[in-house]
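Single-letter residue listing:
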Amino acid sequence: MRKLILFVSSVFGAGYIKYAPGTFGSLAGILLWYLFIPQDYYFQAAAAVFMFFASVLFSSLAEKIYNKKDDQRIVIDEVAGVWLSVLFLPKTVFFLSLGFILFRVFDISKPFFIKKLQKIKGGLGITVDDMAAGFIANIILQAVNVILR
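The following refers to the structure shown. (Residues numbered from 1 in each chain as written. Predicted model: local features only at pLDDT ≥ 70, side-chain atom pairs only at ≥ 80, totals over all residues. Heavy atoms only, no water.)

Take helix α5 (residues 93-109) next. In this model α5 runs 24 Å from its N-terminal to its C-terminal C-alpha over 17 residues, within 8% of the 24 Å that 1.5 Å per residue would give. Those residues of α5 that fall on the buried side of the exposure criterion are F95, L96, G99, F100, L102, F103, R104, F106 and D107. In this structure, the buried residues of α5 make contact with α2 (21-36), α4 (76-85), α6 (114-117) and α7 (122-148). Just beyond α5, the residue with positive phi is K110, at close to 50°. (Helix = DSSP H or I, 4+ residues; strand = E, 2+ residues; numbered from the N terminus. Expected span 1.5 Å × (residues − 1). Buried < 20%, exposed > 50% of the residue type's maximum accessible area, 1.4 Å probe, protein only. Contact = heavy atoms within 4.5 Å.)

Turning our attention to unusual backbone geometry. Positive phi, normally seen in glycine, also occurs at F12, with a value near 60°. Note on placement: F12 falls in the loop between α1 (2-9) and α2. Judged by its relative accessible area of 52%, F12 falls in the exposed class.

Turning our eyes to something else, we now look at α1. Among all positions of α1, only I5, L6 and S9 are buried. The arc enclosing the buried residues of α1, seen along the axis, measures out at 95°, which places them on a common side. Contacts made by the buried residues of α1 are with α3 (41-66) and α4. Of the residues one or two after α1, V11 is the one with positive phi, at around 50°. (Arc of directions from axis to C-beta.)

Below, the discussion takes up the pattern of salt bridges. Following the criterion strictly, the structure yields 5 salt bridges and no others. For D71, the salt bridge goes to R73, with nearest N and O atoms at 2.8 Å. Owing to a relative accessible area of 4%, D71 belongs among the buried residues under this scheme. One network of salt bridges, in which partners are shared, links E78, R104, D107, K110 and D129. (Salt bridge = Lys/Arg side-chain N within 4 Å of Asp/Glu carboxyl O.)

Where α4 meets α5, the axes come as close as 9 Å, and the angle between the chain directions of the two elements is 125°. When the interaxial angle is binned, α4 and α5 end up oblique. When the axes of α4 and α5 are compared, the crossing they make is right-handed. The residues of α5 that touch α4, namely those facing E78, G81, V82 and S85, are G99, F100, F103, R104 and D107. Of the residues assigned to the contact of α4 with α5, the class counts are 3 nonpolar, 3 polar and 3 charged. (Axes fitted to C-alpha atoms, helices over the stretch in contact; angles between N-to-C directions. Parallel < 35°, antiparallel > 145°, perpendicular 65-115°, else oblique. Left-handed = near helix turned anticlockwise from the far one by under 90°. Nonpolar A, V, L, I, M, F, W, Y, C, P; charged D, E, K, R; others polar.)

If you want it as structure tokens, here you go:
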């Protein structure tokens, strides 16, 4: 069970990449969205909610195994956040690429209130700052989508 938890929380090993594991976790998230999440907005919403809860659960369990708060090998939270960044948007290379970039910018820089969210303990604390970064990216992308229509 321990190996499964670490495999899932590291997004199939992406979290073990030595340099920028969060970026590779986010990239894996965008690829998973592109390959497996249809354009159907109801399915997207259900998938995003599922990924949020999966991230909280697996992050909590992995954090206990690693015995370290928000270990960099845990990147399932990046998947949850980047999925939120592209939720309810056209599934195009343009929006997926921009969603990935904006999410990484907000996840790394942690502007506004995002940095404070990391103080929450456990898997919720690991995941919620990424969700906030994804939410801000999504708001910007929704505005871009309206402008481009």
